[in-house]
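Chains, contacts and geometry: an overview
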Amino acid sequence: DVKVTQSSRYLVKRTGEKVFLECVQDMDHENMFWYRQDPGLGLRLIYFSYDVKMKEKGDIPEGYSVSREKKERFSLILESASTNQTSMYLCASSLSTDYGYTFGSGTRLTVV
Amino acid sequence: TQLLEQSPQFLSIQEGENLTVYCNSSSVFSSLQWYRQEPGEGPVLLVTVVTGGEVKKLKRLTFQFGDARKDSSLHITAAQPGDTGLYLCAGPSTANAGKSTFGDGTTLTVKP
């Protein structure tokens, strides 16, 4: 069964902390994505990567960075967590957007 | 900018009823995907439609892609409580290769 695995289901962090969200896929997909999902705002793309060490800004990259050192792993970094980054974070991978995404189960991050 | 508009935004029905939800755009898409997302989980890909006029069935769910490839519908026959969730449509972005455009979703509640 193909999978996208996010390292944590729930996280609580303090304002100002540096936060790492990890995502691993076992499908050998080139493309990986980080989204956040908030009520009333839908899915918003933070960053995506189409190859190792490559990254592209999405629609809301401010306050975030990413790392893709290996094909199967895509990490999202909150440099200095703020309360407005409290959200559901979803990682996804795809072979091609024509075939859709495989999403992870999500990480519910609360910044206090 | 390609937009996908989903309707209705919310739908609450009794078990056994039939329903249709819609995904519309003024833009042509090379394909469209439908996802279902249960509370606290990531979206799960249900189907991809590629050809204009295409109809795909997944048990009690019927997906149709419009002839002009600008819209799609999802029909559920004899809805069950297990169908409850957020239904999202998405399609490849022509403006930004490697990314998908997502609709805001239809939240379906099926009451026993």
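What you see as residue numbers is a count from 1 along each chain, following the sequence as written. Starting at A for chains and at 1 for ligands, labels are handed out in the order in which the entities are written. Totals for whole chains, interfaces and linings use all residues, but because this is a predicted model, local features are given only for residues with pLDDT of at least 70 and pairs of side-chain atoms are given and counted only at 80 or more. Side-chain calculation: all heavy atoms of the structure are included, whereas hydrogens and water are not.

Another aspect to go through is the overall build of chain A. Per the secondary structure count, chain A includes 0 helices and 12 strands. The helix and strand labels rest on DSSP assignments: H or I over at least four residues marks a helix, E over at least two residues marks a strand, and numbering proceeds from the N terminus. Going from N to C terminus, chain A has its helices and strands arranged as β-β-β-β-β-β-β-β-β-β-β-β. Atoms counted for the radius of gyration: C-alpha only. Globule rule: 2.2 Å times residue count to the power 0.38. Relative to its length of 112 residues, chain A is compact, with a C-alpha radius of gyration of 13 Å against a globular reference of 13 Å. With the C-alpha coordinates of chain A rotated into their principal frame, the extents come out at 35 × 30 × 25 Å. Summary of the burial criterion: residues with accessible area below 20% of their type's maximum are buried, those above 50% are exposed, and those between are partly exposed, where the area comes from a 1.4 Å probe applied to protein chains only. Relative to its full complement of 112 residues, chain A shows a buried share of 49%. Calculation of accessible area relied on Shrake-Rupley with a 1.4 Å probe; when residues are assessed, cover is drawn exclusively from the protein chains displayed. When the accessible area of chain A is evaluated, it comes to approximately 5,500 Å², of which 49% is carbon and sulfur surface.

Residue and element names in this part refer to chain B. Defined by distance alone, a disulfide is two cysteine sulfur atoms within 2.5 Å. The tally for this structure, following the rule as stated, stands at 2 disulfides over all chains. Two residues share a disulfide in this structure: cysteine 23 and cysteine 89, whose sulfurs sit 2.0 Å from each other. In this structure, the disulfide formed by cysteine 23 and cysteine 89 twists by about 80° around the S-S bond and is classed as right-handed. Of this pair, cysteine 23 sits in strand S3 (residues 19-24) while cysteine 89 is found in strand S9 (residues 85-92), placing the two residues 66 residues apart along the sequence. For the residue pair cysteine 23 and cysteine 89, the accessibility class agrees, reading buried in each case.

What follows concerns unusual backbone geometry. Omega for the peptide link from serine 7 of chain B to proline 8 of chain B comes to -10°, which places this bond in the cis form. Mapped onto the elements of the fold, proline 8 of chain B is located in the loop between strand S1 (5-7) and strand S2 (10-14). If you check the backbone angles, lysine 53 of chain A has positive phi at about 65° while not being a glycine. Checked against the element boundaries, lysine 53 of chain A lands in the loop between strand S6 (42-49) and strand S7 (56-57). Given a relative accessible area of 57%, lysine 53 of chain A falls into the exposed group. Even without a glycine there, the phi angle at lysine 59 of chain B is positive, about 55°. If you trace the backbone, lysine 59 of chain B turns up in the loop between strand S6 (55-58) and strand S7 (61-65).

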